[in-house]
Amino acid sequence: MALTRTQLEAAAEALALALKFERPADTVLHDFFRAQRALGAGDRAFVADTVYGVLRRKRTLERLAPDAAPRNLLLAWLTRLHGISVRELAPLLQPHEQAWLAGVKAMLLESLPLAVQAELPDWIVEKLQSRPDGPDIAALARGLNEPAPLDLRVNTLRGDRERAQRLLAADGIAAEPTPYSPVGLRVRGRPPINRHALFLTGAIEVQDEGSQLLGYLLAPKRHEIVVDFCAGAGGKSLLLGALMHSLGRIYAFDVSAARLARLRPRLKRSGLSNIHPQTLHNENDPRVKRLAGKIDRVLVDAPCSGLGTLRRNPDLKWRQSPRSLGELRTKQAAILRSAANLVKPGGRLVYATCSLLAEENEDIVEAFLDERLDFQGLDCGELLREQRIALESGHRLRLYPHRHGTDGFFAAAMTRTR
């Protein structure tokens, strides 16, 4: 179907708003579509795909359109990277744009710096290069610049994976078991899962496979007391509740009442009765102190730069900075210290982020272990093998999109010895 002027102008307007980097791109698009109610479903899909496409390839596009005007970035993306010919676009272009785009199609992009090839800010590439055990940056970048697949988690209180896969297939939705998570399904395409009966009845939830694996690292048992310290909208709390067969007690803590409010309808659908959402003022809230030394398992999915989620949130790489990273590190260390106080002797603590940077991951954990001699590290690979998950992760869990097909994740498991 031919591109329309309405689509092109709407995409340019939405892109201009997203490129301010004042708010997350998904929030910008949500508000834009709410204000532009005349746009149809096809128009909205085009606008969203285009905005995210430009955000992913912004550094290359800036080489093609040096003035970096939103419309020019958009036109360069459509013709050079999205495969639309200048001839197809001609009815929507000014004469000078046609001449410029013909040059864009022919422009050579050789000997580009690694950061430009990787579509990452220079400072992020420098940090990744500074670690001898870091990932292959070019391969990592290819994974990060591909749109993420749709991963589902099957709620074992409502059924099993085989049944869910069968019911999805009956409705024309192809899904395959995820390679690592025993309750994950990876769906082909972008079907409207949130309208499917399995979703509406709580039998499935949308959750990246890497996020699912964090629950298996924590491995809570029935009748235990568990804390999900940075619960957000509660995806991991729901997984933990299912692993516990709705027995025991899970405190879902978060400092955002709005995020926890999104857990409530999900909790109702899930059939779980052992999850108790609680809003905290901060990591030192009195409710946290009252639970000191009483908790069997604590999960800290810490607030972070989110650089492991660039497949879904490509704007994050442009909204973060060395300064914001420093602020996050201070917060991460404080949260981990506070959460650790909850763990009783013999209990387990898992610290995790969806960041790729050692400053938010290994460095935080090593500083904590140097400070808290009553904690020692556990081998994540062994913990996963105990759960019959065949993933050779090593002592710490590191997941990458180009190796594992998941978002980028880091996790360290620890136990309190006394």
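Predicted model, so just to flag it, every value in this text is computed and none were measured.

Asks: Go over the sheet that holds strand E1 (residues 150–154), please, and point to the residues and values.
Replies: Ordered in space as E2-E3-E1-E4, the 4 strands form an open sheet in which the pairing is antiparallel. For this open sheet the edge positions go to strand E2 (175–177) and strand E4 (204–206), each flanked by a neighbour on one side alone. Neighbour-to-neighbour, the strand axes of this sheet turn through a mean angle of 35°, independent of strand direction. By the bridge criterion, 4 bridges tie E1 to strand E3 (residues 184–187) in an arrangement that is antiparallel. Bridge pairing links Arg153 to Gly184 in E3.

Asks: Quick rundown of the side chain of Asn155? Include the residues and the values.
Replies: With respect to the helices and strands, Asn155 occurs in the loop between E1 and helix H11 (161–170). Engagement of the side chain of Asn155 in a polar contact is seen with the backbone oxygen of Gly202, the distance being 3.0 Å. Filtering out sequence-adjacent residues up to four positions away, Asn155 remains in contact with Gly202, Ala203, Ala242 and Ser270.

Asks: How would you explain the pairing of E1 if you had to name every residue and give the values?
Replies: Of all 5 residues making up E1, 5 are buried, and the element is well covered by its neighbours. Because side chains alternate across E1, one face comprises the buried residues Leu150, Leu152 and Val154, and the other comprises Asp151 and Arg153, equally buried.

Asks: Which residues make up helix H7 (residues 95–106), and what values go with them?
Replies: Between the first and last C-alpha of H7 there are 18 Å, a value that for 12 residues agrees with the 16 Å anticipated at 1.5 Å per step. Residues of H7 that are buried include every one of Glu97, Leu101 and Val104, and no others. Projected onto a plane normal to the axis of H7, the buried residues spread over an arc of 50° and lie on a single side. In H7, the exposed residues that point more than 90 degrees away from the buried face are Pro95, His96, Ala99 and Ala106.

Asks: Go over the packing of helix H1 (residues 5–18) against helix H2 (residues 25–35) with me, naming the residues and quoting the values.
Replies: Remark: H1 packs on H2, axes separated minimally by 9 Å, with the N-to-C direction vectors making an angle of 140°. Overall, the two elements H1 and H2 adopt an arrangement that is oblique. Regarding H1 and H2, the two cross each other, and that crossing is right-handed. Between H1 and H2, the contacting residues are Ala10, Glu13, Ala14, Leu17 and Ala18 on the first element and Val28, Leu29 and Phe32 on the second. Of the residues that constitute the contact of H1 with H2, the class distribution is 7 nonpolar, no polar and 1 charged.

Here is what the cut-offs are and how they apply
- For every chain, the first residue of its written sequence is number 1, and the numbers climb from 1 along that sequence.
- Residue-level local features of this predicted model are given only where pLDDT is at least 70; pairs of side-chain atoms are given and counted only at 80 or more, and the full residue set underlies all totals for whole chains, interfaces and linings.
- Water and hydrogen atoms were dropped before computing side-chain values, which therefore reflect all heavy atoms in the structure.
- At least two DSSP bridges between two strands are required for those strands to pair.
- For the purposes of this entry, the term helix denotes a DSSP run of H or I that reaches at least four residues, the term strand denotes a run of E that reaches at least two, and both are numbered from the N terminus.
- Only C-alpha atoms enter the line fits that serve as axes; for helices the fit covers just the stretch in contact. Angles between N-to-C directions range over 0 to 180 degrees.
- Polar contacts here mean pairs of N or O atoms no more than 3.5 Å apart (in protein, one a potential hydrogen donor and the other a potential acceptor; neighbouring residues in sequence count only if both atoms are side-chain atoms).
- A contact between two residues is defined here by any heavy atoms of the two lying within 4.5 Å.
- In this scheme, a residue with accessible area under 20% of its type's maximum is buried, one over 50% is exposed, and one in between is partly exposed, where area comes from a 1.4 Å probe on protein chains only.
- How far a helix is expected to stretch is found by multiplying one less than its residue total by 1.5 Å.
- The directions considered for the arc run from the helix axis to the C-beta atoms.
- Roughly parallel here means an angle under 35 degrees, roughly antiparallel means over 145, roughly perpendicular means 65 to 115, and every remaining angle is called oblique.
- Handedness of each helix crossing follows the sense of rotation of the near helix against the far helix: counterclockwise by less than a right angle gives left-handed, clockwise gives right-handed.
- Throughout this entry, Asp, Glu, Lys and Arg are counted as charged residues, while Ala, Val, Leu, Ile, Met, Phe, Trp, Tyr, Cys and Pro are counted as nonpolar. The remaining residues, Gly among them, count as polar.

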